[in-house]
Amino acid sequence: MKPISAMALLFVVFLGALFIYVSEDIPDFGDPYSPANRYVNLHISIDVGADGLEDSLRAGVIPEELSSRIKARGFPSPSETEYSVEEVEGGWDVLIAKEELLYPEPEKYYFLKEEEEGNKLVVYRYSIPVRWEEKCEEEIGVPNMVTAGLADYRGYDTLGETTVIFTAGIAVILLLRRRGKL
Amino acid sequence: MIDWSFGGGIFIAKYNYWISILLMLIGFYAMIAKGNLLKKVIGLNIFQTAIILFFVSLGDATLGSWGKGVTEPIVKGTLPWAAGGIVEHGVVYANPLPHVLMLTAIVVGAATTAVALALIIRMYEEYGTIEEEEIIEKERELGV
Amino acid sequence: MNGKKGKIWEENVIIETITRLMVPFIQIYALYVMVGTEGAGGGFQGGVVFAASIVLFTVTFGISKGRKRLPESWNAALNSLGLYLYAGVGLLCIVLSLGAAQYLNYAALPLSQIMSPAHTRALMISDVVEVGIGLTVMSIFASIFFDLAWKGEGKKNKDKNKGDKEVQE
């Protein structure tokens with residue numbers, strides 16, 4: 001074989017071995033609770049030893065300590081904006097209303113769950129597609145979630161992409177118009 | 001004989017990852033080792049397709065759908081001819097976010113391929129060949 | 001192939017008839033896919049199917065007849081019309097709400113006082129934005145195809161053709 005073919009084959013085998021090494025972090029195929037589909041563990045936890053914690057969560061108040069720790073990580077903290085706490089199966093949902101000009105509606109942000117071992121209350125963070133799936137019909141009125149995401153939730157990216165296509169067309173014109181035809 | 005649950009189900013449970021890795025390595029080898037310029041462009045395309053396939057397969061949620069499988073991310077029951085306009089409940093949708101991001105990636109790949117083909121046509125008009133080694137020899141003769 | 005000075009392709013009755021029948025239906029399907037709100041589809045997908053119909057026509061009938069259907073003087077206008085529509089709607093949202101709304105927030109148009117904001121957004125997405133994207137994509141892909149396939153009479157090609165004739169004789 002040519003020397004560059006042998007070197008390329010060795011390089012490709014080495015790259016394949018690297019991919020095997022990182023394959024344990026990839027989520028299973030079809031996992032509904034992977035971080036891309038549902039929520040991510042933030043590793044902020046608080047002891048459930050205090051008695052008033054569950055009652056205060058049912059009444060809709062989040063303890064100050066949790067809010068400050070969430071804020072220290074850089075996420076929007078519930079104590080500074082309007083928030084509400086709902087109880088769903090397995091935990092509590094925290095809905096935060098961000099300050100937007102024309103659509104200040106509360107959206108699902110955090111999910112508090114009780115872990116068995118050690119009696120801790122752990123904070124999870126919802127990923128964005130959860131809100132898309134639930135609010136797409138009433139906010140935008142388009143049944144197709146992919147088009148609603150492309151043209152409204154992520155409309156700025158689509159503007160940039162149309163510019164990319166336009167630039168590719170101009171580049172081909174500049175390269176290939178023969179002399180005297182442009 | 002072979003313990004397929006090795007490492008928490010690395011081989012069988014993640015077969016989408018292995019298929020896309022195989023395609024990716026084939027495309028990568030074609031980009032490096034082939035001498036013809038057109039085969040390199042085809043290798044680039046295969047590489048891109050493998051990445052797009054892997055990313056879209058991350059948004060599947062079949063294991064949590066009670067054996068029925070997931071549907072595409074279009075809200076069911078609102079098309080005019082379906083069940084009188086009643087929204088169905090209990091339907092599990094696939095994640096729409098990877099589809100949105102990969103539409104952009106497909107389009108960018110097509111634009112890149114178009115400009116690469118235009119460059120190959122110009123190189124053929126200048127040098128008369130599209131083999132990489134002959135082009136390098138001609139450049140060496142010109143005294144660069 | 002260098003020695004014969006004959007025709008490059010022959011006329012084939014079956015292919016020409018079938019192509020002439022299929023091209024309008026492909027274009028109607030492309031318009032159906034371009035409205036991506038009730039079923040699968042979107043701007044990019046519809047634009048590419050439309051460009052595919054132009055490519056089919058050109059491959060069957062020759063490049064001169066294909067260029068007559070999509071003339072070069074339309075090229076500059078159609079290429080940029082989609083982009084103007086999209087960016088223009090965004091600027092319109094800022095201007096019409098006197099600086100209170102963001103770029104591309106369709107609920108700030110005065111149309112949302114008549115219909116609900118959700119209906120306004122659906123109308124703008126499916127009728128203005130997607131059609132704009134589809135026009136740009138269709139025109140660009142057709143222009144790229146015509147550029148890659150045109151065998152022009154530039155300086156280099158003239159020299160090559162002269163060289164061939166001398167070798168033959």
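The structure contained in this document is the topic of the report that follows. Note that this is a predicted model, so its numbers are computed, not measured.

Let us look at the nonpolar core. Counting 30 residues, the largest nonpolar core has Tyr86(C), Tyr106(C), Val129(C) and Ile133(C) as its most contacted members. Elements with a minimum of two residues in this core: helix H5 (145–153) and helix H6 (155–176) of chain A, helix H3 (97–127) of chain B together with helix H4 (75–96) and helix H6 (117–149) of chain C. Excluding residues within four positions of it along the chain, Ile133(C) makes contact with Thr158(A), Thr162(A), Gly43(C), Phe44(C) and Tyr86(C). Among the nonpolar cores identified, the runner-up in size contains 16 residues, and Ile62(A), Leu66(A), Ile70(A) and Leu121(A) belong to it.

A full pass over the atoms with the stated rule returns zero disulfides over all chains. No disulfide involves Cys136(A); its sulfur sits 19 Å from that of Cys93(C), the nearest cysteine. Residue classification places Cys136(A) among the buried residues on the basis of a relative accessible area of 1%.

For the rest of this paragraph, the subject is helix H2 (residues 43–61) of chain C. In a regular helix each residue adds 1.5 Å, so 19 residues correspond to 27 Å; H2(C) covers 28 Å between its end C-alpha atoms and thus fits that length. Residues of H2(C) that are buried: Gly43(C), Phe44(C), Gly46(C), Gly47(C), Phe50(C), Ala51(C), Ser53(C), Ile54(C), Phe57(C), Thr58(C), Thr60(C) and Phe61(C). Looking at the buried positions of H2(C), the neighbouring elements they touch are H6 of chain A, H3 of chain B together with helix H1 (13–34), helix H3 (63–69) and H6 of chain C. Immediately downstream of H2(C), the backbone of Gly62(C) shows phi near 100°, a positive value.

Attention shifts here to the packing of aromatic side chains. What the rule picks out here adds up to 10 aromatic pairs over all chains. A ring pair is formed by Tyr17(B) and Phe54(B), whose centres lie 5.6 Å apart and whose planes are at 55°; its orientation type is tilted. Linking Tyr17(B) in helix H1 (residues 15–33) with Phe54(B) in helix H2 (residues 37–57), this pair joins segments that are 37 residues apart in sequence. The exposure class assigned to Tyr17(B) is buried, which follows from its relative accessible area of 4%. One aromatic cluster in this structure is built from Phe11(A), Phe28(B) and Phe47(B).

On to empty space enclosed by the protein, then. All names here are of chain C. One pass over the full model with this rule turns up three cavities of 30 Å³ or more. Taken as a whole, the largest cavity holds about 60 Å³ of empty space. Around the largest cavity, the lining residues are Arg 67, Leu 70, Pro 71, Trp 74, Asn 75, Leu 78, Ser 139, Ala 142, Ser 143 and Phe 146. The set of elements that each furnish at least two residues to the lining of the largest cavity consists of H4 and H6.

A few words on the pattern of salt bridges. Scanning the model with the defined rule gives eight salt bridges over all chains in all. Glu139(A) is the partner of Arg131(A) in a salt bridge, and the nearest nitrogen-oxygen pair spans 2.7 Å. Here Arg131(A) matches Glu139(A) in class, with each residue buried. One salt bridge connects Arg121(C) with Asp152(A), and the closest N-O pair in it is separated by 3.2 Å. Placement of Arg121(C) in helix H6 and of Asp152(A) in helix H5 is noted, with the two residues assigned to different chains. As far as the burial class goes, Arg121(C) and Asp152(A) line up, both buried.

Next up on the list: the interface of chain A and chain B. Opposite the 43 residues of chain A that make contact, chain B presents 49 residues. With both sides pooled, the region where chain A packs onto chain B buries about 4200 Å², and carbon together with sulfur makes up 73% of that total. Where chain A touches chain B, the interface holds zero salt bridges. Here chain A and chain B share four residue pairs in polar contact (both at pLDDT 80 or more) between them. When contributions to the side of chain A that touches chain B are tallied by element, the ones reaching two or more residues are helix H1 (3–21), helix H4 (128–139), H5 and H6 of chain A. Considering each element in turn, the side of chain A that touches chain B owes the most residues, 10 residues, to H1(A).

Here we take up a negative patch on the surface. Taken together, the side chains of Glu133(B), Glu134(B), Glu137(B) and Glu141(B) make up a negatively charged region of the molecular surface. Structurally, Glu137(B) is set in helix H4 (residues 132–141).

Analysis parameters
- Residues numbered from 1 in each chain as written.
- Chains lettered and ligands numbered in written order.
- Predicted model: local features only at pLDDT ≥ 70, side-chain atom pairs only at ≥ 80, totals over all residues.
- Heavy atoms only, no water.
- Core = buried A, V, L, I, M, F, W, Y, C linked by side-chain atoms within 4.5 Å.
- Buried < 20%, exposed > 50% of the residue type's maximum accessible area, 1.4 Å probe, protein only.
- Helix = DSSP H or I, 4+ residues; strand = E, 2+ residues; numbered from the N terminus.
- Contact = heavy atoms within 4.5 Å.
- Disulfide = S-S within 2.5 Å.
- Expected span 1.5 Å × (residues − 1).
- Phe/Tyr/Trp six-rings, centres within 6.5 Å; stacked < 30°, edge-to-face > 60°.
- 1 Å grid on protein atoms, 1.4 Å probe; cavity = no way out; pocket = protein on both sides within 12 Å on 5 of 7 lines; lining within 4 Å.
- Points joined across faces, edges and corners; volume = space filled by probe spheres on them.
- Salt bridge = Lys/Arg side-chain N within 4 Å of Asp/Glu carboxyl O.
- Buried area = accessible area lost by both parts, 1.4 Å probe.
- Polar contact = N/O pair within 3.5 Å; in protein donor to acceptor, adjacent residues only side chain to side chain.
- Patch = residues over 30% accessible without salt bridge, like charges linked within 9 Å, V, L, I, M, F, W, Y side chains within 5 Å.
- Areas by Shrake-Rupley, 256 points an atom, 1.4 Å probe, with all protein chains shown as cover.
- Lys, Arg positive; Asp, Glu negative; His and termini not counted.
- Charge placed at Lys NZ, Arg CZ, Asp CG, Glu CD.

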